[in-house]
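Architecture and fold: a report
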Amino acid sequence: MKLPIYMDYHATTPVDPRVIEAMLPYFNEKFGNAASRSHAFGWTAEEAVERSREEIAKLIGAVDEKSGQADGKSIIFTSGATEADNLAIKGVAEFYKEKGNHVITTKIEHKAVLDTCKRLEKEGFQVTYLDVDKFGMVSPEHVAAALTDKTILVSVMLANNEVGTVQPIAEIGKLTRSKGVLLHCDAVQGIGKVPFDVNAMNVDLASITAHKMYGPKGIGALYVRRSKPRVRLTSQMDGGGHERGLRSGTLNVPGIVGFAKAAEIMRLEGKAESERILAQREALRRKLTSKLDEVHLNGHPEKRLPGNLNLSFAFVEGEAMIMAIKDVAVSSGSACTSASLEPSYVLRAMGVGEEAAHSSIRFGLGRWTTDEELDFVANLVIDKVNKLREMSPLWEMHKEGIDLSQVQWAAH
Ligand SMILES: *Cc1c(COP(=O)(O)O)cnc(C)c1O
């Protein structure tokens, strides 16, 4: 077993060797510009791009309902999901602003959605940020209650990147479709891991990115529904009119080919892989919670990403844990800003207390996580949590049965 161990698959993933192999010819041998219409170099690149669109469309259920053919044209390539989120939200807002100026999203979205919505607010749009319950779940009833006749877009993620909670997209989609409001879904974390189907779920726009699913960094896509309803967008990048005029710029052909290979692997193997990873995650959770007291699960116990285990170890600082287990790459529930350590806004929105948020660790399991690694990680964490707690006077008091919330601390 090699150290350090990677257990941060929500942040990014290694590229699958099969993906690298598929990409290689497109760097030198088949290096053409997909927009070159006048020669074979261009045609070869264009063919690869069009095949790739179809493969990616297939993974998310973007198929023509009449012919059953993958609707490749609904896939607009971008530099990643940040750009796809920006294009979806700003593009819809700008195009439909005469129709309405209201957008609904949630408090636990990725910053690519939240900061884009904040930008819209500065430009005069109204944005409703929905609360979530203690499991990080958005309620379709809350979405329904927030809709007004000025609402043009609802944006809800498929699965949260910190706590793994999987949202009721199908129910939200049924609602938005019945009201004639567009639904955007940042589907990055859930793609290939939990069910996602843009037709079955009535999703009109979906953001995805290759590097969270064993493809390369710097390539992603926005799915844009082409019929029933046909979604219109104002482009955010001007230039040569690539991607149906929605995203100008020479296409990253090797990246696109790699993205499609990653999508194909997910389509064929994702289900079995998720079952294996879920079993591994549950084994890790059981081991940690049976050997340690006061360990709390953040997020939904069942409706969560198979590879996500977000735990709070009471009386242990997350940052101290990360230092103590530095042979293991994980993330904590605190975001290190310049001066202060702020608890994650996702955990805060779920009502997790400041202390529990600061003591949270996100374990992200993935394609190459082994049982041997999990054993090592579990034993290491158990050992370090015990050691860190031994040094904590609060843990001593807690063990003596003192209710810490009732203690009157001397002023200092
Ligand atoms: C990683 C991530 C993004 C950003 O994707 P990039 O391709 O890195 O820009 C957006 N949304 C979610 C939920 C993510 O996890």
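Scoring rules and cut-offs
Per-chain numbering applies: the sequence of each chain, read as written, is numbered from 1 onward. Where totals are concerned, whole chains, interfaces and linings use all residues; where local detail is concerned, this predicted model gives features only for residues with pLDDT of at least 70, and gives and counts side-chain atom pairs only at 80 or more. Each side-chain value is derived from all of the structure's non-hydrogen atoms; neither hydrogens nor water enter the calculation. For every residue, the accessible area obtained with a 1.4 Å probe (protein chains only) is divided by the maximum for its type, and the residue is called buried under 20%, exposed over 50%, and partly exposed between those limits. Working definition: helices are DSSP H or I runs of at least four residues, strands are E runs of at least two. Numbering for both runs from the N terminus. Between any two strands, at least two bridges found by DSSP are needed for them to pair. Here a residue-residue contact requires only that any non-hydrogen atoms of the pair lie within 4.5 Å. Polar contacts, as used here, are pairs of N or O atoms within 3.5 Å; protein pairs need one atom able to donate a hydrogen and one able to accept it. Residues neighboring in sequence count only if both atoms are side-chain atoms. Whether a residue is near a molecule or strand depends on its heavy atoms: it is near if one of them lies within 4 Å of it. Note on areas: Shrake-Rupley with a 1.4 Å probe; residue coverage comes only from the protein chains shown. Residues are grouped as follows: Ala, Val, Leu, Ile, Met, Phe, Trp, Tyr, Cys and Pro are nonpolar; Asp, Glu, Lys and Arg are charged; all remaining types, including Gly, are polar. In what follows, salt bridge is the name for a side-chain nitrogen of Lys or Arg lying within 4 Å of a carboxyl oxygen of Asp or Glu. Among buried residues, the Ala, Val, Leu, Ile, Met, Phe, Trp, Tyr and Cys ones that are joined through side-chain atoms within 4.5 Å form a nonpolar core. Domain segmentation is taken from an automatic or database assignment of domains.

Some points on the pairing of strand β15 (residues 360–364)
Among the five residues in β15, five count as buried, and that is most of the element. Neither face of β15 is left uncovered, since the one carrying S360, R362 and G364 and the one carrying I361 and F363 both have all their residues buried. Of the strand pairs in this sheet, strand β10 (residues 308–313) and β15 are connected by five bridges, and their pairing is antiparallel. Considered in β15, the bridge of L309 is made with F363. Two strands pair when backbone bridges link them, and strand β12 (residues 331–332) and β15 are joined in this way by two bridges, in the antiparallel orientation. Bridging across to β15, S331 finds its partner in R362.

Quick word on the environment of Y129
Counting through the fold element by element, Y129 comes out in strand β4 (residues 126–130). Distance from Y129 to E109, taken between C-alpha atoms, is 9.4 Å for residues 20 residues apart in sequence. Sequence-distant contacts of Y129, that is, excluding residues within four places in its chain, are made with T105, T106, K107, L114, C117, K118 and E121. Polar contacts involving the side chain of Y129 include one to the side chain of E121, which spans 2.7 Å.

So, the site of the ligand
In the vicinity of the ligand lie 13 residues, with T82, D186, Q189, T209 and K212 positioned nearest. A distance of 2.7 Å is found between an oxygen atom of the ligand and a side-chain nitrogen or oxygen belonging to T209. In the environment of the ligand, an oxygen atom lies 2.8 Å from a nitrogen or oxygen atom belonging to the side chain of H211. Protein contacts shield 87% of the accessible area of the ligand, which totals 380 Å² for the unbound molecule. At three residues, helix α3 (residues 81–95) tops the list of elements feeding residues into the shell around the ligand. Here the shell around the ligand is built from residues that sort into three nonpolar, seven polar and three charged.

Describing the pattern of salt bridges
Overall, the coordinates contain 21 salt bridges when judged by the stated rule. Among the ionic pairs, E46 bridges to R37, the shortest N-O distance being 3.6 Å. For E46, a relative accessible area of 23% puts it in the partly exposed group.

Looking at the nonpolar core
One finds I60, F77, V154, F196, V203 and F259 to be the most contacted residues of the largest nonpolar core, which totals 69 residues. Each of domain 1 (5–10 + 270–397) and domain 2 (17–266) contributes no fewer than three residues to this core. Core analysis: the next-biggest nonpolar cluster, separate from the first, contains 26 residues, L292, V316, M321 and V328 among them.

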